[in-house]
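# Coordinate analysis (summary)
Letter by letter, the chains look like this.
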Amino acid sequence: DQQVKQNSPSLSVQEGRISILNCDYTNSMFDYFLWYKKYPAEGPTFLISISSIKDKNEDGRFTVFLNKSAKHLSLHIVPSQPGDSAVYFCAASGRELRNYGGSQGNLIFGKGTKLSVKP
Amino acid sequence: DAGITQSPRHKVTETGTPVTLRCHQTENHRYMYWYRQDPGHGLRLIHYSYGVKDTDKGEVSDGYSVSRSKTEDFLLTLESATSSQTSVYFCAISDRDTGDAQYFGPGTRLLVL
């Protein structure tokens, strides 16, 4: 079962408008969430993160919102630019999960959403 | 950018042959990881290392082995490559914890014929 879900495989947005990428998770022990951006033929790049003690974190044009009760996070990009066109991965981890040993404390990634920003 | 290199960047091999991919870091980070990325699957963890000679399995470890004899190098070996191992392989590193932000290398594209 997928613990981190990105239900939209793709999203198309006009330049200058807001892009909203969504991510849902099922494991209530996750307490740290991250977004990565990936261009073709490159490795993923860390974009922004949020701890479960917060509900919002901003970095320039990028804002991540966390709704713990709904087990949902979203990445807002405002304004969107053509250079933002990429695949965006959501990831999650839980500090307590590391106590279970093995790979459970590692990052769990969603399948990604391909964002296309049209000029 | 984190100092992570992967070699080779591209490789074509035949079914049944052994293949070794190398990840090299200059950041002196404790944790290193190997992922594979496939359409419809996102990033899946193969193996990871939490120190020299300390490794553990990830989600999709069957058919793969790893070794870490130095802090800076993490090797991924496909003992006998199969077509299902055709993929893009990414190495990643992190410093404080396995659940912390990880920094990725540029990837190795492997085609098994």
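Residues numbered from 1 in each chain as written. Chains lettered and ligands numbered in written order. Predicted model: local features only at pLDDT ≥ 70, side-chain atom pairs only at ≥ 80, totals over all residues. Heavy atoms only, no water.

### Remarks on the overall build of chain A
Quick reminder of the rule: What counts as a helix is a DSSP run of H or I of at least four residues, what counts as a strand is a run of E of at least two, and both are numbered from the N terminus. The size measure is the radius of gyration over C-alpha atoms, and the globule rule it meets is 2.2 Å times the number of residues to the 0.38 power. Only protein chains enter the accessibility calculation, which uses a 1.4 Å probe; a residue whose area is less than 20% of its type maximum is buried, one above 50% is exposed, and one in between is partly exposed. The contact criterion used is simple: two residues touch if any of their non-hydrogen atoms lie within 4.5 Å. What sets the accessible areas is the Shrake-Rupley method with a 1.4 Å probe; for residues, cover comes only from the shown protein chains. Residues counted as positive are Lys and Arg, residues counted as negative are Asp and Glu, and His and the chain ends are not counted. We put the charge of a Lys on NZ, of an Arg on CZ, of an Asp on CG and of a Glu on CD.
For chain A, the count of helices and strands is 0 helices and 11 strands. Taken from N to C terminus, the helices and strands of chain A fall in the order β-β-β-β-β-β-β-β-β-β-β. For 119 residues, the compact-globule estimate of 2.2 N^0.38 gives 14 Å, and chain A sits close to it at 14 Å. With the C-alpha coordinates aligned to their principal axes, the bounding extent of chain A is approximately 50 × 30 × 20 Å. Split into buried and exposed, the 119 residues of chain A put 45% on the buried side. Sequence separation of 24 or more characterises 58% of the internal contacts of chain A that already satisfy a separation of 6 or more. With an accessible surface of roughly 5900 Å², chain A has 47% of that area assigned to carbon and sulfur atoms. Side-chain charges in chain A split into 14 positive and 10 negative, and the spacing between the mean points of these groups amounts to 3 Å.

### Describing the sheet that holds strand E7 (residues 64-70) of chain B
Sheets are built from strands that pair by backbone hydrogen bonding, the pairs being arranged parallel or antiparallel. All names here are of chain B. Stated formally: Strand pairing requires that DSSP identify at least two bridges connecting the strands. To obtain an axis, a line is fitted to C-alpha atoms, over the contacting stretch when the element is a helix, and the angle between two such axes runs from 0 to 180 degrees between their N-to-C directions.
Read from one edge of the open sheet, 4 strands run E1-E3-E8-E7, paired in antiparallel fashion. Looking at strand neighbours, the two that pair on one side only are strand E1 (4-7) and E7, the edges of this open sheet. The sheet shows a mean angle of 20° between the axes of neighbouring strands, direction not considered. Across 6 bridges, the pairing between strand E3 (residues 19-25) and strand E8 (residues 73-78) is antiparallel. When the bridges of E8 are listed, Leu 21 appears paired with Leu 76.

### So, the nonpolar core
Selection criterion: We call a set of buried residues a nonpolar core when its members are Ala, Val, Leu, Ile, Met, Phe, Trp, Tyr or Cys and they connect through side-chain atoms within 4.5 Å of each other.
In terms of nonpolar packing, the biggest core is built from 24 residues, with Phe 33, Trp 35, Leu 73, Leu 75 and Tyr 88 of chain A touching the most fellow members. Among the elements that take part in this core, strand E9 (residues 86-93) of chain A stands out by supplying 4 residues, more than any other. Counting residues in hydrophobic clusters, the runner-up holds 19 residues, among them Val 19, Trp 34, Ala 81 and Val 112 of chain B.

### Quick word on the packing of aromatic side chains
The cut-off we apply is this: Whether two aromatic rings pair depends on their centres lying within 6.5 Å, for rings of Phe, Tyr and Trp, where Trp uses its six-membered ring; planes under 30 degrees apart make the pair stacked, over 60 edge-to-face, and the rest tilted.
A complete count under the given rule lists 14 aromatic pairs over all chains for this structure. Pairing Phe 109 of chain A with Tyr 35 of chain B gives two aromatic rings, centres 5.5 Å apart and planes at 85°, and the pair type is edge-to-face. Note that Phe 109 of chain A is positioned in strand E10 (residues 108-109) and Tyr 35 of chain B in strand E4 (residues 31-38), a pairing that runs across two chains. Take Phe 109 of chain A: its relative accessible area is 8%, and that puts it in the buried class. Owing to a relative accessible area of 0%, Tyr 35 of chain B belongs among the buried residues under this scheme.

### Looking at the sheet that holds strand E6 (residues 56-59) of chain A
Residues and elements named next belong to chain A. Overall, antiparallel pairing links the 5 strands, which are arranged E1-E3-E8-E7-E6 in an open sheet. Edge strands, defined here as strands with exactly one partner in the open sheet, are strand E1 (4-5) and E6. Direction of pairing for E6 relative to strand E7 (residues 62-67): antiparallel, over a ladder of 4 bridges. When the sheet's bridge partners are listed, Asp 59 is paired in E7 with Phe 62.

### As for the side chain of His 76 of chain A
Residues and elements named next belong to chain A. Here is the rule we go by: Side-chain atoms alone can form a polar contact between residues adjacent in sequence; in general such a contact is a pair of N or O atoms within 3.5 Å, and within protein one must be able to donate a hydrogen while the other accepts it.
Structurally, His 76 is set in strand E8 (residues 72-77). Side chain to side chain, His 76 and Ser 74 meet in a polar contact 3.3 Å long. In contact with His 76, other than residues within four places in its own chain, are Ile 18, Ser 19, Ile 20, Arg 61, Phe 62, Thr 63 and Phe 65.

### Section: the environment of Ser 61 of chain B
All names here are of chain B. The residue Ser 61 is located in the loop between strand E6 (54-57) and E7 in this model. Sequence spacing of Ser 61 and Asp 100 is 39 residues, and the spatial spacing of their C-alpha atoms is 21 Å. The contact partners of Ser 61, leaving out residues within four places of it in the chain, are Ile 46 and His 47.

### Observations regarding the environment of Thr 98 of chain B
Note on placement: Thr 98 of chain B falls in the loop between strand E9 (87-94) and strand E10 (103-104). For Thr 98 of chain B, a relative accessible area of 9% corresponds to the buried category. A C-alpha to C-alpha distance of 12 Å links Thr 98 of chain B and His 47 of chain B, two positions 51 residues apart in sequence. Beyond its immediate stretch of four places on either side in the chain, Thr 98 of chain B contacts Arg 98, Gly 105, Asn 106 and Leu 107 of chain A together with Tyr 31, Tyr 33 and Tyr 48 of chain B.

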